[in-house]
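# Close look at the chain arrangement
The residues making up each chain are set out below.
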Amino acid sequence: MSGKPYRVIGTRPVRHDGADKVTGRAQFGADVRLPGMAYGYVLRSPYAHARIRRIDTSRAESYPGVLAVVTAADLPSGPDRLVDLVEGTLPLSYARTNVLARDKALYKGHAVAAVAADNPHVAEEAAGLIEVEYEPLPPVLDVLEAMREDAPRVLEDLRMRQLGELTDKAGNIGEHFRHVLGDVEKGFAEAEVIVEREFRTVMVHQGYLEPQSATALWNQDGRVYLWTTTQGAFSAREATAWILDLPVSQVRVTPMEVGGAFGGKIRVYLEPLAALLSRKCGRPVQITMPRRDVFEATGPTPGTYIRVKMGARADGRITAAQVWMAYETGAFPSGQCGFGAICILAPYDIPNVLIDGYDVVVNKPSTAPYRAPGATQAAFAAESVVDELAERLGMDPIEFRLKNAAREGTRRADGLKYQRIGCVEVLEAMRDHPHYGAPLEGPNRGRGVAMGYWFNIGWYSSCVISVNPDGTVNLVEGSVDLSGTRTTIAMQAAEVLGLRPEQVHPIVADTDSIGPTAVTGGSRTTYATGWAAWEAAHDVIRQMKQRAALLWEVDPEAVSFDGGVFRSGDRSMTFAELAERLEETGGPVVGRGAVNPSSAGGSFAGAIVDVEVDPETGKVTVLRFTSVQDAGTAIHPTAVEGQMQGGSAQGIGWALHEEYSWSPEGAMLNSSLLDYREPTALDVPPIETVIVEVPEPQHPFGVRGVGEANIVPPPAAIANAIYRAIGVRLRLLPMKPSAVLEAIWSKEV
Amino acid sequence: MPVVFIPPPLQGLTGGRITLEVEGATVRELIENLDRAWPGLRERLVEGDRLRPHIRVAVDGRISTMGLLERVGATSEVHFVAAVSGG
Amino acid sequence: MTREKVRVQTTINEQPVEFLCEPRQSLLECLRGILGLTGAKEGCNDGNCGACAVIMDGRVVNSCLVLGVEAEGRRITTIEGLARGAELHPVQRAFLEQGAVQCGFCTPGLILATKVLLDRHPDPSEPQIRRWLANHLCRCTGYDKIVRAVRQAAAELREVRA
């Protein structure tokens, strides 16, 4: 597919853990069974905002079968400091408070106490015997109202941050982001067409099928052993250690297979609780979240208010763009508005830009990243305005975007110049795709397009490759495998070593067994851990050349390696033949790689969507969907397609039927998979994919992470399609049937 | 000479200047030299031996993992940005 | 609520199985917590995701909605019972070859549901496949490759059975 002469890269081997996944043998968090294991249950606040006056656990503690009860009093409360917990830098006290509420419950579902017992039913019954005296407070539930001077304070000690600095502005604004390019006043003055619109999106959840689960053993050797559902074994180790005030090396995390994460399984919720319970009762303790808690007490994604103003000349050049955006981040600041601010105008070269973004706390669960966090909400707004602008100018939506497309050297809103990117290539692939020009006949049908971007991250990864006597290799790495990365990483090593993918045995190791490796997220894994594997593989080759040189009595410089064969002069040996001679030439060959690359170029994605709207029910049916994305170099095309299809389906759900429905008191009304409507097989059409390859220059194989950007375009593309279908533009997510009907009726009035 | 982009919250210290040319082979050297000309800048960017926790530095469009140690070329562009991640 | 245990005799994966459980324990809990068959997963515990699906007397059921005591006298197939020795079932293999497995959490329920579909309807259309699998949520794949896997398995099984 890439046109390069790769043997392994670009092929589609069956993943190494495939048999385990289809036979039920793969071990997920809640599958852990340890001798003497007890079960935990978490008691949670029924109030969205309340002071906690008193907690009495005595009746629970004396309930038959109960082994231990913990509250915030069992958490250390040493001097506060800022910690970097992957998703952003925040005070350690916030991380601890989210695990167990101390003085205030900050959202309905906020953990207040935890119980361990012989069986999960007993633990739940005992939790019901814990007496908590709450003093309810007025909850803050709307992002704009939360920003008012007279709004109730969610966190009394919160001060607004600006570029990492605390101001003394108290209130509910956690952070202010501002990006300025050029002069928007001048830019708008030059514009002949201006569009300004407001948008709202509602909180949604990553919706992973597997609830969080953690098993902890506070061992008599003083170490805490964790088996947990996490995207990052090392980040979970760090977070748990800091929250419990332990040296990091005293915690070992064994990452289990993960049943979906999408950013929602970076933060620790249960690990410290299970550890504290284990310390008290001397047994391993397993806590698994019920589905209701997954919705109410983990980290959904912010709802938003976004205002976008864009101006363009009659020739189609955008001259200015101004954005005002407010993201509700739940009970603690999250920085996601900052990500949205970087991505909102990312596909465009606009000389005059002003973006003001606000991260605002409210009495809802503390938000967490969801696949390109903050970007989807931003694109919904910007891509709708771009669509409207193109229409007012009488230009085709893709041609308008091409005319203003970001390229290498274009300045992003935060000032950074793009390196090599594939924005234009993605747009051209959309324009040239048969879907874009296909006739779409019938009433109430329309086609829409939209673009999306994620900057992707680099960060650190470690890898060790050891050679087996039979010529295969073991590859140990520390990246939790969410969807098949152990194979995409193994393939990169196989490419270097001249091996077939099945001759590389990848192992995802625990935190004692491999060097530090950053979280599986940010679209970094195939990119950075693959890079570490490439480095380790080259280290193996270097060492094996020395062994061949020893056997042939030549200088190592005189040994070459190509196509799986070592050569010098007229002598040659395959990798497997040399592997058999390692013991006598110096012992085992173990290669290592460790990388910490800077950020990568990022991935652009686009969507073409056909919809049909039923004007009587408001139901929107997605008839046809094409996802286009720049993968740099697709290591395993099936895996890349899978990411594009998965993100597209999530985008469809976000666009049309997913939402947190709130009571006036701040309780989620639909905290079940019945009423929180994730797409079923009936809700999405076949999803066609087009992989564009604009190699990332700094990666050895040109890889760009693809996990995230694909979720960004669908809501805007669907909104644009609905407009063409029925002549109304929806500016609120989700575009559920009642919202569509209201829009139709208000247009008719 | 490398060009440093001053983020909006710090432009008050540089008399409103958005870009400044300044010598330096590493980000640390750039900041030292900037602070000489515009006192107070260093304190806003650096804490102890490192960049402040919320801040990252981007050199030529790539967000560095090495902070003050990152090398800077003769024609490099340097930006200070809020730390970001992904999901 | 009584904690007195009931003896249940049943057949799981063609083997006679006997266990003790409390009347309030679901079949899912019994499979996972008592019998060590952790292939069936808990996604919601209220019948809305299909991750706990097993085959009971030839029908796909959400084991979170079946009581352990209701297994008495029934024939149950879990994901652990599908492969023959070291040979994967064609449905299992098709899921792997088509890339229909990402995180794998929904996979056991989906594979069992697919097996029942193809036992009854050897040549299902795409709409039929999607409707049949509508009670099995998958958050990772967008269903596209799952449908392809079902069709590959259908074709292979038709050939084998012909």
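To be clear, the structure that these remarks concern was listed above.
Throughout, residues of each chain are indexed from 1 in the direction in which the sequence is written. Note on labels: chains are lettered from A, ligands numbered from 1, in written order. Confidence filtering applies because this is a predicted model: local features only for residues at pLDDT of at least 70, side-chain atom pairs given and counted only at 80 or more, and all residues used for totals across whole chains, interfaces and linings. Calculated side-chain values reflect all of the structure's heavy atoms, with hydrogen atoms and water omitted.

## Notes on the overall build of chain C
Secondary structure counts use DSSP, requiring at least four H or I residues in a row for a helix and at least two E residues in a row for a strand, with both numbered from the N terminus. Broken down by element type, chain C carries 5 helices and 5 strands. Listing every helix and strand of chain C by position from the N terminus yields β-β-α-β-β-β-α-α-α-α. If you line up chain C on its principal axes, its C-alpha atoms span 50 × 30 × 25 Å. Every residue pair with non-hydrogen atoms within 4.5 Å of one another is taken to be in contact. Contacts in chain C between residues far apart in sequence, at least 24 positions, make up 54% of those at least 6 positions apart.

## Some remarks on empty space enclosed by the protein
Residues are said to line a cavity or pocket when one of their atoms sits within 4 Å of a point; the points come from a 1 Å grid over protein atoms alone, cavities being sets where a 1.4 Å probe fits but cannot get out and pockets being open sets with protein on both sides within 12 Å along at least five of seven lines. Grid points are joined across faces, edges and corners, and a volume is the space filled by probe spheres set on the points. Scanning the model with the defined rule gives 12 cavities of 30 Å³ or more in all. A volume near 110 Å³ is recorded for the largest cavity. Contributing to the lining of the largest cavity are 13 residues, with Arg412, Tyr453, Ala600 and Gly601 of chain A together with Gly61 of chain B lying nearest its centre. All residues other than Ala, Val, Leu, Ile, Met, Phe, Trp, Tyr, Cys, Pro, Asp, Glu, Lys and Arg, Gly among them, are scored as polar; the first ten of these are nonpolar and the last four charged. Residues that form the lining of the largest cavity fall into these classes: 6 nonpolar, 5 polar and 2 charged. Of the pockets and cavities examined, the second largest cavity occupies roughly 60 Å³. Leu181, Ile342, Leu345, Ala346, Tyr348, Ile350, Val353, Arg411, Arg412, Ala413 and Tyr418 of chain A together form the lining of the second largest cavity. For the lining of the second largest cavity, the class distribution of residues is 9 nonpolar, no polar and 2 charged.

## Examining the interface of chain B and chain A
Put simply, an interface is often sized by how much accessible area is lost when its parts join up. On the side of chain A, 41 residues touch chain B, which itself brings 27 residues to the contact. Across the interface of chain B and chain A, roughly 2700 Å² is buried in total on both sides, 59% from carbon and sulfur atoms. The salt bridge criterion pairs a side-chain nitrogen of Lys or Arg with a carboxyl oxygen of Asp or Glu, the two atoms within 4 Å. The tally of links from chain B across to chain A stands at 4 salt bridges. Here Glu77 of chain B ties to Lys417 of chain A by a salt bridge, and the two come within 3.5 Å at their closest N and O atoms. Think of a polar contact as two N or O atoms within 3.5 Å of one another; within protein, one of them needs to be a possible hydrogen donor and the other a possible acceptor, and neighboring residues in sequence only count if both atoms come from side chains. If you look at where chain B meets chain A, you find 10 residue pairs in polar contact (both at pLDDT 80 or more). When two parts are brought into contact, each loses some accessible area as probed by a 1.4 Å sphere; the total of that loss over both is the buried area.

## Details of the interface of chain C and chain A
Between chain C and chain A, the contact holds 46 residues from the first and 56 residues from the second. Carbon and sulfur atoms make up 56% of the area that chain C and chain A hide from each other, which totals about 4100 Å². Here chain C is connected to chain A by 6 salt bridges. As a salt-bridge pair, Glu125 of chain A and Arg24 of chain C come within 2.7 Å of each other at their nearest N and O atoms. One can count 23 residue pairs in polar contact (both at pLDDT 80 or more) joining chain C with chain A. Broken down by secondary-structure element, the contributors of at least two residues to the side of chain C that touches chain A are α1 (27-34), α2 (90-97), α3 (107-120), α4 (126-132) and α5 (144-161) of chain C. Considering every element that reaches the side of chain C that touches chain A, the biggest residue donor is α2 of chain C, with 4 residues. Tallied by class, residues from the side of chain C that touches chain A come to 16 nonpolar, 14 polar and 16 charged.

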